[in-house]
Amino acid sequence: MLSDVSLNLIELGHFAAYLAFFVAIVQALAPLAARVFKSPGLRTISINAAPVLFLLTTVGALTIVYSLLTNNFSVLYVASNSNTHLPVFYKVAALWGGHRGSLYLWVWILTAYTAAVGLHGRSRYPDRLAVIMAVQGALIAGFYGLVLFLSDPFTRLFPIPPQGQNMNPLLQDPGMVIHPPMLYMGYVGFSIPFAFAMTALLTNWRSELWIGHTRRWALFAWGFLTAGIIFGAWWSYYVLGWGGYWGWDPVENASFMPWLMGTALIHSISVQERRRMLHTWNIFLIITTFALSLLGTFLVRSGVLASVHTFSAAPGQGIYLLTFMVIVLTLAFGLFLIKGGYQQAEESFISPLSRESMFIWNNVIFTIACACVLLGTLYPLFLQAATGARISVGPPYFDLVMVPIFLVMLAVMAIGPLVSWRKANLPKLRGRLVVPGLLGLALAVLVAALWAPVYWTAPVAVGLVGFVAATIVANVGRAVIARRHQHHEGPWQAFTNTVLGNRRHYGGMIVHMGILVIAIGLVGSGLFKASKLVMMAPGDVLQLAHERVRFDGTRKVRGPDYNAVEGRLTVLNNGAKLRPEQRVFFGSPMKVERPSVNSTLLRDVYVDIGDHQGGKWEIHLFINPLVNFIWMGGGIVIAGLAFSLSDYARRRRRVAVGAEAAASHL
Amino acid sequence: MKSWAWLVVLMVLASPAWGVTVVHESVLHRREIAIAKKLRCTVCQAESLAVSQAGIARDMRKLIRQKLRAGETPAQIRAYFVKRYGDYILLKPPFDPLGAILWIWPFALAAAFGGVAIAVMRRRSRAPMPATAPELGPEDEARIEALTRQE
């Protein structure tokens, strides 16, 4: 039995959260008060509130985790999302395994970002920091209102039940433990560019003073969002057992839309940095990206869409979130319309064929992609609300619409980085495109010939991937050769110096390579997969696409919080053992199929076990080619992004050393 | 005449057996999945019949297979499901008054955004350029020299 202190420790967290709510309101209002009462000193309250908020919210989070770990079922959230059988690992993760806790995590991450920006800004942009903090404070207060008044994770339960309900069985997986925090780091991270843009509009902040910082925060958030989406796909693939990783589920779309706009943003921002143009468009993109992050949260958390992600939500929360979103966006876009004029581009296009115009095309395509996903996701909801008619928009629609858009993206990706800034040299550009173009064409023909009756997207996509890869390699090659001529270095040294010397650019190229690897994975697993669903008796052998799989029988196994039937299968080609399970979790009538996968670089053998009938078991076998490329590509994207951002750290060090050197000279 | 009757009897007897042969089954399965992919599992959230593990989805898949065995075409099978469940069951919305906007939308967007982008770039690139920068003087050259040496 728990002692009184540990039983009621949760109240400390509850108190801390309420305190944080009021601190956030103060944080939001301090710069305004400073202006009204003409005492600039009040502004510092805003800045100093940031770490306090983070600390208070952390106290709240820790008390929830403590209650989960100590099976404190007097807390409603603990009783409904955890029980004594749940492994410790999942008890901690249960903080975001339920609706209320996951909203709390949202706020927690928001306060963490705010504290980080507070520290980051003290030396770099101290004059505007108070306003940035105030914008963040307003967002924090808004979300705290939701957490405390409509979805309070600290609510107590009496009488105390002897046992809790279980965490959603589908969520009991390492992939799911990582996926939500990553995704939230992405969603919430886009609040920082938003706060910068709002501050810029409010205080007429000159764009070159804030756009560089914004770019790095946006890249940071984009990286987490990318990782979050990939982990989500990974979880879907290894846990849900349907043999796929992306189903154009509305909730997946909800995370994909901010990703698309965020991708447009991180490209477009560099145009502003390099060429001092697109200022207003960038602010528009920043607001839209954050708006889509909010929309994603609303769609997932309001219960408008029911899915494995939405848990159960009360309608009041949906209305609150929607109202909050409408207020934030009305204010943001209103401010944009009134004050956006100050953030005017200083330069303009010289030629319609230039790097900046290629970035425009990138933005156009990503915006179209996002708008298509948006309509496909929301239209059925609107239609049902407006007319009562029910229609479905699912994978066949999205595949048909989005795949051509993705292919155009690849084409722009090939040409864009080759076009020079300001005005392209057309003959030179043509010369650089010929060889990669022919290479891509050859690859496309090869794919079309080798896998003869194949859907047209496969050869086109592979051809484009080859095209892009060749342009990147040629680009690096030219730079290395130029450097060798200039500095008389060996090939390897020239290569490392070239790449390390311009981390920002080559980091971006690594990210592009990662996207290509993902594209190969998508083509392979999307167009060349095979599946079979059969009843098998022990000893039966099933053949599918050169793979032979033998069913050896079943065994009963017991997990920490479930009983399961384990199928025992052998992949005859390489002797690998497959152990798919059908789990029945305690306190849940649901049967959960847990697939088993034998993975090699080129193909996955993926198997599910279903019900049995007269000595035979239902076996669902999938051969999924190249799925590993998707995960590898995701890793490359993140690595490239980290490499690109490392430029910043390096430059800062150099500046610091330079400053020291200068100081020692004095 | 007698031999004909025998043939009919043989065919009737053999016909269920055709369904069991491996090749036939796998082809059927492929067709069944192809159809099931485009139909929604009516009790699930955003899942197709092909991937859903719900009981009703299994039954509907079985029904698709039976209809395929009976020789119905995919279009007939789809029509059967639409008649019973409405357009809701189609994961790819049809081009009708309700669904048309979904199909027009991508093209409308491409036209609108593409048009705006081209217009903006044309207009801006025709706009008067800022005066060209003055020639570099010896002072500037010395500064550049000093900066490059620092690097």
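Residues numbered from 1 in each chain as written. Chains lettered and ligands numbered in written order. Predicted model: local features only at pLDDT ≥ 70, side-chain atom pairs only at ≥ 80, totals over all residues. Heavy atoms only, no water.

S.K.: Tell me about the environment of His512(A), and please be specific about residues and values.
M.R.: With respect to the helices and strands, the residue His512(A) is situated in helix H18 (residues 503–527). The residues contacting His512(A), other than those within four sequence positions of it, are His267(A), Met413(A), Pro417(A) and Ile472(A). (Helix = DSSP H or I, 4+ residues; strand = E, 2+ residues; numbered from the N terminus. Contact = heavy atoms within 4.5 Å.)

S.K.: Just give me the short version of the interface of chain B and chain A, but keep the residues and values in it.
M.R.: Across the boundary between the two partners, chain B contributes 37 residues, which contact 43 residues of chain A. For the chain B and chain A pair, buried surface summed over both sides reaches about 3,700 Å², with 69% attributable to carbon and sulfur atoms. Remark: the boundary between chain B and chain A carries 2 salt bridges. Here Glu618(A) ties to Arg58(B) by a salt bridge, and the two come within 2.4 Å at their closest N and O atoms. Counting across the chain B and chain A interface gives 9 residue pairs in polar contact (both at pLDDT 80 or more). Taken together, the elements giving at least two residues each to the side of chain B that touches chain A come down to helix H2 (22–36), helix H3 (55–69) and helix H5 (100–126) of chain B. Here the element with the most residues in the side of chain B that touches chain A is H5(B); it accounts for 15 residues. Class assignment for the residues of the side of chain B that touches chain A results in 22 nonpolar, 6 polar and 9 charged. (Buried area = accessible area lost by both parts, 1.4 Å probe. Salt bridge = Lys/Arg side-chain N within 4 Å of Asp/Glu carboxyl O. Polar contact = N/O pair within 3.5 Å; in protein donor to acceptor, adjacent residues only side chain to side chain. Nonpolar A, V, L, I, M, F, W, Y, C, P; charged D, E, K, R; others polar.)

S.K.: Give me the lowdown on the packing of aromatic side chains, citing residues and values where you can.
M.R.: All names here are of chain A. Taken as a whole, this structure holds 45 aromatic pairs over all chains when the rule is applied. Ring geometry for Trp234 and Tyr238: centres 5.1 Å apart, planes at 55 degrees, overall tilted. Of the two residues, Trp234 and Tyr238 both sit in helix H9 (residues 207–239), 4 residues apart, roughly one turn of that helix. Between Tyr237 and Tyr238, the ring centres sit 4.9 Å apart and the planes meet at 85 degrees, which makes this aromatic pair edge-to-face. Since its relative accessible area comes to 0%, Tyr237 is described here as buried. (Phe/Tyr/Trp six-rings, centres within 6.5 Å; stacked < 30°, edge-to-face > 60°. Buried < 20%, exposed > 50% of the residue type's maximum accessible area, 1.4 Å probe, protein only.)

S.K.: I'd love a proper account of unusual backbone geometry, names of residues and values included.
M.R.: Most peptide bonds are trans, and most residues other than glycine sit at a negative phi. Residues and elements named next belong to chain A. Here Phe158 and Pro159 are connected by a cis peptide whose omega angle stands at 0 degrees. Residue placement: Pro159 occurs in the loop between helix H6 (126–149) and helix H7 (174–189). Positive phi, close to 70 degrees, is recorded for Arg422, a residue that is not glycine. Here Arg422 lies in the loop between helix H14 (395–415) and helix H15 (426–450). Residue Arg422 is classed as partly exposed on the basis of its relative accessible area, which comes to 39%. In this structure, Ala545 is a non-glycine residue whose phi angle is positive, near 45 degrees. Tracing the chain through its elements places Ala545 in the loop between strand S2 (541–544) and strand S3 (547–558). Of the residues examined, Ala545 reaches a relative accessible area of 43% and is grouped as partly exposed.

S.K.: Break down the packing of helix H1 (residues 4–36) of chain A against helix H2 (residues 43–69) of chain A for me, with residues and values.
M.R.: Residues and elements named next belong to chain A. The geometry of H1 relative to H2 is characterised by a closest axis approach of 8 Å and an angle of 160 degrees between their N-to-C directions. Classed by the angle they form, the pair H1 and H2 counts as roughly antiparallel. With respect to the hand of their crossing, H1 and H2 are arranged in left-handed fashion. A class-by-class count of the residues in the contact of H1 with H2 yields 20 nonpolar, 8 polar and 1 charged. (Axes fitted to C-alpha atoms, helices over the stretch in contact; angles between N-to-C directions. Parallel < 35°, antiparallel > 145°, perpendicular 65-115°, else oblique. Left-handed = near helix turned anticlockwise from the far one by under 90°.)

S.K.: Account for the pattern of salt bridges, with residues named and values stated.
M.R.: All names here are of chain A. Within this structure, the stated rule accounts for 19 salt bridges over all chains. The partner of Glu566 in a salt bridge is Arg579, with the nearest N and O atoms 3.9 Å apart. You can see Glu566 sitting in strand S4 (residues 562–571) and its partner Arg579 sitting in the loop between strand S5 (577–578) and strand S6 (581–585), a full 13 residues away along the chain. By relative accessible area, Arg579 is classed as partly exposed at 26%.

S.K.: Describe the domain arrangement of chain A, naming the residues involved and giving the relevant values.
M.R.: All names here are of chain A. Segmenting chain A into domains produces domain 1 (1–168), domain 2 (173–420), domain 3 (421–518 + 635–665) and domain 4 (530–625). On a C-alpha basis, the centroid separation for the pair domain 2 and domain 3 is 25 Å. Facing the 36 residues of domain 2 at the interface are 34 residues of domain 3. Both sides together, the interface formed by domain 2 and domain 3 hides about 3,000 Å², and carbon and sulfur atoms give 74% of it. Taken as a group, Leu407, Met413 and Leu418 account for 22% of the area that domain 2 buries against domain 3, more than any other trio of residues on that side. At the junction of domain 2 and domain 3, the tally comes to 1 salt bridge. Residue Glu273 is joined to Arg504 by a salt bridge in which the shortest nitrogen-to-oxygen separation is 3.0 Å. Applying the counting rule to domain 2 against domain 3 returns 4 residue pairs in polar contact (both at pLDDT 80 or more). Elements with a minimum of two residues in the side of domain 2 that touches domain 3: H9, helix H10 (250–275), helix H13 (355–387) and H14. (Domains from an automatic or database assignment.)

S.K.: How would you explain the sheet that holds strand S10 (residues 616–625) of chain A if you had to name every residue and give the values?
M.R.: Residues and elements named next belong to chain A. Strand order in the open sheet formed by 4 strands is S1-S10-S9-S8, with antiparallel pairing between adjacent strands. Lying at the two open borders of the sheet, with one neighbouring strand each, are strand S1 (530–536) and strand S8 (596–599). Pairwise comparison of adjacent strand axes, ignoring direction, gives a mean angle of 20 degrees for this sheet. (Pairing = 2+ DSSP bridges.)

S.K.: Quick rundown of the nonpolar core? Include the residues and the values.
M.R.: One finds Phe194(A) and Met402(A) to be the most contacted residues of the largest nonpolar core, which totals 194 residues. Among the elements that take part in this core, H13(A) stands out by supplying 16 residues, more than any other. Excluding anything up to four places from it in sequence, Met402(A) contacts Trp248(A), Phe256(A), Ala369(A), Cys372(A) and Val373(A). The next biggest cluster of nonpolar side chains, apart from the first, holds 19 residues, and it includes Ile35(B), Ile77(B), Phe81(B) and Ile89(B). (Core = buried A, V, L, I, M, F, W, Y, C linked by side-chain atoms within 4.5 Å.)

S.K.: Residue-level account of the side chain of Lys532(A), with values.
M.R.: Summarising the element assignment, Lys532(A) is placed in strand S1. Reaching out from Lys532(A), the side chain makes a polar contact with the backbone oxygen of Gln543(A) at a distance of 3.0 Å.

S.K.: Requested: an account of the environment of Arg650(A), with residues and values cited.
M.R.: Structurally, the position occupied by Arg650(A) is in helix H19 (residues 627–665). Beyond its immediate stretch of four places on either side in the chain, Arg650(A) contacts Leu500(A), Gly501(A) and Arg503(A).

S.K.: If you had to explain a positive patch on the surface to someone new, which residues and values would you point to?
M.R.: Taken together, Lys529(A), Lys37(B), Lys38(B) and Lys92(B) make up a surface patch of like positive charges. Secondary-structure assignment places Lys92(B) in the loop between helix H4 (74–85) and H5. (Patch = residues over 30% accessible without salt bridge, like charges linked within 9 Å, V, L, I, M, F, W, Y side chains within 5 Å. Areas by Shrake-Rupley, 256 points an atom, 1.4 Å probe, with all protein chains shown as cover. Lys, Arg positive; Asp, Glu negative; His and termini not counted. Charge placed at Lys NZ, Arg CZ, Asp CG, Glu CD.)

S.K.: So what about the pairing of S2(A)? Which residues, and what values?
M.R.: Residues and elements named next belong to chain A. Burial along S2 is one-sided: the face carrying Leu542 and Leu544 is buried and the face carrying Val541 and Gln543 is not. The sheet contact formed by S2 and S3 spans 4 bridges and is antiparallel. Its bridge partner being in S3, Leu542 is matched across the sheet by Val549. Taking the residues between adjacent antiparallel strands as the criterion, S2 and S3 are bridged by 2 residues, where Ala545 takes a positive phi near 45 degrees.

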